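# Breakdown of the fold
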Amino acid sequence: MKSNIQDALENRLSVNSYLWPKNIDPYEFIEAILKAGIKNIGLHTDFIEEYGVNKLKQELSLNKINVTSINSVGYFTDNFYFKQHDKIFNYAKILKPDVVCVISGGILGGPNPISSEYNFENKNLNIEKIRKESLSQLLYLFNKAQELNLTLGLEPIGSWEILKKGHFNSISSCLNLVKKIQT
């Protein structure tokens, strides 16, 4: 019988490539994961592109490393980032993650709006309206993912990131959205 620590390393613990320092070759990150005995990895697009998707697939297969997630699609409030889903879904078809993470996008746009966009004079923010508008885009991604046999995971983003990263900020807000889809 495996020890609890060994079981956690092989079956439960996943380390995300967001931890990879950009000044270090991505191969060294994979090597460090292997040395630690970790068999699961989450990936983000910069890491995939730096490594090369086909080369990365070979390396992960060779070392029996499971891809638990790929980050991220969605960003419903920003047309540029929303349109990146095709590229990320293509990576997912090759790397076969357990889930592709969906991040909703901030109420003022994509992941990196400039600080001058935070001018609230004479503006009212209607979060419910923005969430309703996101529903059709989320349904589109669900349908696209289903065609490709991919699983999506809707990631709630901390409320401190509501302006630029995510307008679904709790598990209950994500569950309410999913319930709306099911009806």
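Scroll up to find the structure.
Report follows, based on the coordinates. (Residues numbered from 1 in each chain as written. Predicted model: local features only at pLDDT ≥ 70, side-chain atom pairs only at ≥ 80, totals over all residues. Heavy atoms only, no water.)

## Quick look at helix α4 (residues 53-62)
Inclusion rule: Residue exposure (1.4 Å probe, protein chains only): buried if accessible area is under 20% of the type maximum, exposed if over 50%, otherwise partly exposed. Under the scheme used here, helices are H or I runs from DSSP no shorter than 4 residues and strands are E runs no shorter than 2 residues, and both carry numbers assigned from the N terminus. Within this analysis, the arc is defined by the directions that extend from the helix axis to the C-beta atoms. Only heavy atoms enter the contact rule, under which two residues are in contact if any of them lie within 4.5 Å.
By the burial criterion, the buried members of α4 are Val53, Leu56, Glu59 and Leu60. Along the long axis of α4, the arc covered by the buried residues comes to 125°, so they all point the same way. Seen from the open side of α4, the exposed residues pointing more than 90 degrees away from its buried face are Asn54, Lys55, Gln58 and Leu62. Those residues of α4 that are buried are in contact with α2 (26-36), β2 (40-44), α3 (45-51), β3 (66-74) and α6 (85-95). Looking one or two residues past α4, Lys64 carries a phi angle of roughly 55°, positive in sign.

## Examining unusual backbone geometry
Cis peptide bonds are those with omega within 30 degrees of zero, and the linkage from Asn71 to Ser72 qualifies with -15°. Inspection of the secondary structure puts Ser72 in strand β3. Positive phi, normally seen in glycine, also occurs at Lys64, with a value near 55°. Note that Lys64 resides in the loop between α4 and β3. A relative accessible area of 67% places Lys64 in the exposed class. For Asn149, which is not a glycine, the phi torsion comes out positive at approximately 60°. Tracing the sequence through the fold places Asn149 in the loop between α7 (127-147) and β5 (152-154). The class for Asn149 is exposed, based on a relative accessible area of 73%.

## Here we look at the packing of aromatic side chains
Put simply, the rule is: Only centres within 6.5 Å qualify two rings of Phe, Tyr or Trp (six-membered ring in Trp) as a pair; their planes then separate them into stacked at under 30 degrees, edge-to-face at over 60, and tilted for everything else.
In the structure shown here, the tally under the stated rule is 7 aromatic pairs. Taking 5.1 Å as the distance between ring centres and 85° as the angle between the ring planes, the aromatic pair formed by Trp20 and Phe47 counts as edge-to-face. Here the residue Trp20 occupies a position in the loop between β1 (15-16) and α2, and Phe47 occupies one in helix α3, the gap between them amounting to 27 residues. Phe47 shares its class with Trp20; the two are buried. Ring geometry for Phe82 and Tyr140: centres 6.3 Å apart, planes at 50°, overall tilted. Of this pair, Phe82 sits in helix α5 (residues 79-82) while Tyr140 sits in helix α7, and the two are 58 residues apart along the sequence.

## Structural notes on the side chain of Thr45
The residue Thr45 is located in helix α3 in this model. With a relative accessible area of 17%, Thr45 lands in the buried category. Discounting residues that sit within four places of it in the chain, Thr45 has contacts with Asn71, Ile88 and Tyr91.

## Overview of the sheet that holds β5
This is how it is decided: When DSSP locates at least two bridges between a pair of strands, those strands are taken to pair. A fitted line through C-alpha atoms serves as each axis, taken over the contacting stretch for helices, and the angle formed by two N-to-C directions is quoted from 0 to 180°.
Taken in spatial order, the 5 strands of this open sheet run β1-β2-β3-β4-β5, and their pairing is parallel. The sheet is open, and its two borders are formed by β1 and β5, each paired with just one other strand. Looking at chain direction, β3 and strand β4 (residues 99-103) are connected through 4 bridges and run parallel. Bridging across to β4, Val73 finds its partner in Val102. Set on the sheet, α6 makes contact with β2, β3, β4 and β5; between it and β3 the angle comes to about 170°.

## With respect to the side chain of Ser104
What counts here: Any pair of nitrogen or oxygen atoms within 3.5 Å is treated as a polar contact; in protein, a donor-acceptor pairing is required on top of that, and neighbouring residues in sequence qualify only through side-chain atoms on both sides.
Checked against the element boundaries, Ser104 lands in the loop between β4 and α7. One polar contact links the side chain of Ser104 to the main-chain amide nitrogen of Phe168, over a distance of 3.3 Å. If we ignore the near neighbours within four places in the chain, the residues touching Ser104 are Tyr75, Phe76, Thr77, Lys165, Gly166, His167 and Phe168.

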